[in-house]
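What follows is each chain in one-letter form.
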Amino acid sequence: MPADDKWKANMEKVAFMKAFPGLLRHWEALAGKTVEAVTPLKSKAGAAALICTDGSFVVLPPLTTEPYELGEALQAGRSYLEPKHPEAYIGYDQLLKKDKDAQRTARLENILGAIRNNMEQIPELKDRLKDLVKEWK
């Protein structure tokens, strides 16, 4: 078989696979479906085929969730997850508050440090800060 024929045959096979009945292309299409099986794929560690009882399926990438994605997922899915995991959300909310408070304190320290570090190089900084404080009163 010439190389060109091999390439064409492969392209035809790929097009057929991408149009295979039941292949889901959007996560929203999984809503309401029942999972029948999760089958690991040998070709990529952590990847799997998620097969639904109605014959639909999706190919899943390895689960390597980044913290920002997990945080967004916990917020986006809160109305569904919190009733099932209320204690976990109490703990999560406490840690969110702790993190925000620590971030606010760190910003404050950075600002104060910048002021202290620039007092000698910018003599008018002290007067400008006094004026700024007077504006707030």
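All values reported here derive from a predicted model rather than from experimental measurement.

**Q** Is there a simple way to explain the pattern of salt bridges in this structure?
**A** Here the idea is simple: oppositely charged side chains can pair when their charged atoms come close. Using the criterion set out here, one finds five salt bridges in the structure. We note a salt bridge from Arg78 to Glu82, for which the minimum N-O separation is 3.1 Å. Judged by its relative accessible area of 29%, Glu82 is partly exposed. A salt bridge links Lys97 to Asp101, with the shortest nitrogen-to-oxygen separation between them at 2.8 Å.

**Q** Explain a positive patch on the surface here, please?
**A** Residues Lys126, Lys130, Lys134 and Lys137 make up a contiguous surface patch of positive charge. Here Lys137 is to be found in the segment after α5 (125-136). Taking relative accessible area as the criterion, Lys137 reaches 82% and is therefore assigned exposed.

**Q** I'm lost on the environment of Val59 in this one. Help?
**A** Position of Val59 relative to the elements: it lies in strand β3 (residues 57-60). What makes Val59 partly exposed here is its relative accessible area of 47%. Distance in space between the C-alpha atoms of Val59 and Ala49 is 4.5 Å, their sequence separation being 10 residues. If sequence neighbours within four positions are ignored, Val59 has contacts with Leu41 and Ala48.

**Q** In this structure, what is going on with a negative patch on the surface? I would like to understand it.
**A** Together, Glu124, Asp127, Asp131 and Glu135 give the surface a local cluster of negative charge. Turning to its location among the elements, Asp131 is positioned in helix α5. Judged by relative accessible area, Asp131 falls into the partly exposed class, the value being 40%.

**Q** Honestly, the environment of Gly55 in this entry has me stumped. Any pointers?
**A** Relative to the assigned elements, Gly55 resides in the loop between β2 (48-52) and β3. A relative accessible area of 41% places Gly55 in the partly exposed class. In this structure the C-alpha to C-alpha distance between Gly55 and Gly71, which are 16 residues apart in sequence, comes to 32 Å. For Gly55, the residues in contact, after removing those within four places along its chain, are Pro21 and Gly22.

**Q** Just to check I follow, could you spell out the packing of helix α2 (residues 67-76) against helix α4 (residues 86-118) for this structure?
**A** Relative placement of two packed helices is described by the angle separating their axes and the distance separating the axes. Where α2 meets α4, the closest approach of the two axes is 12 Å, and the angle between their N-to-C directions is 125 degrees. The angle between the axes of α2 and α4 places the two elements in the oblique class. In this structure, α2 meets α4 at a crossing whose hand is left-handed. Where α2 approaches α4, its residues Gly71, Leu74 and Gln75 are matched on the opposing element by Tyr89, Tyr92 and Leu96. Classifying every residue of the contact of α2 with α4 by side-chain character gives four nonpolar, two polar and no charged.

What counts and what doesn't
Residues numbered from 1 in each chain as written. Predicted model: local features only at pLDDT ≥ 70, side-chain atom pairs only at ≥ 80, totals over all residues. Heavy atoms only, no water. Salt bridge = Lys/Arg side-chain N within 4 Å of Asp/Glu carboxyl O. Buried < 20%, exposed > 50% of the residue type's maximum accessible area, 1.4 Å probe, protein only. Patch = residues over 30% accessible without salt bridge, like charges linked within 9 Å, V, L, I, M, F, W, Y side chains within 5 Å. Areas by Shrake-Rupley, 256 points an atom, 1.4 Å probe, with all protein chains shown as cover. Lys, Arg positive; Asp, Glu negative; His and termini not counted. Charge placed at Lys NZ, Arg CZ, Asp CG, Glu CD. Helix = DSSP H or I, 4+ residues; strand = E, 2+ residues; numbered from the N terminus. Contact = heavy atoms within 4.5 Å. Axes fitted to C-alpha atoms, helices over the stretch in contact; angles between N-to-C directions. Parallel < 35°, antiparallel > 145°, perpendicular 65-115°, else oblique. Left-handed = near helix turned anticlockwise from the far one by under 90°. Nonpolar A, V, L, I, M, F, W, Y, C, P; charged D, E, K, R; others polar.

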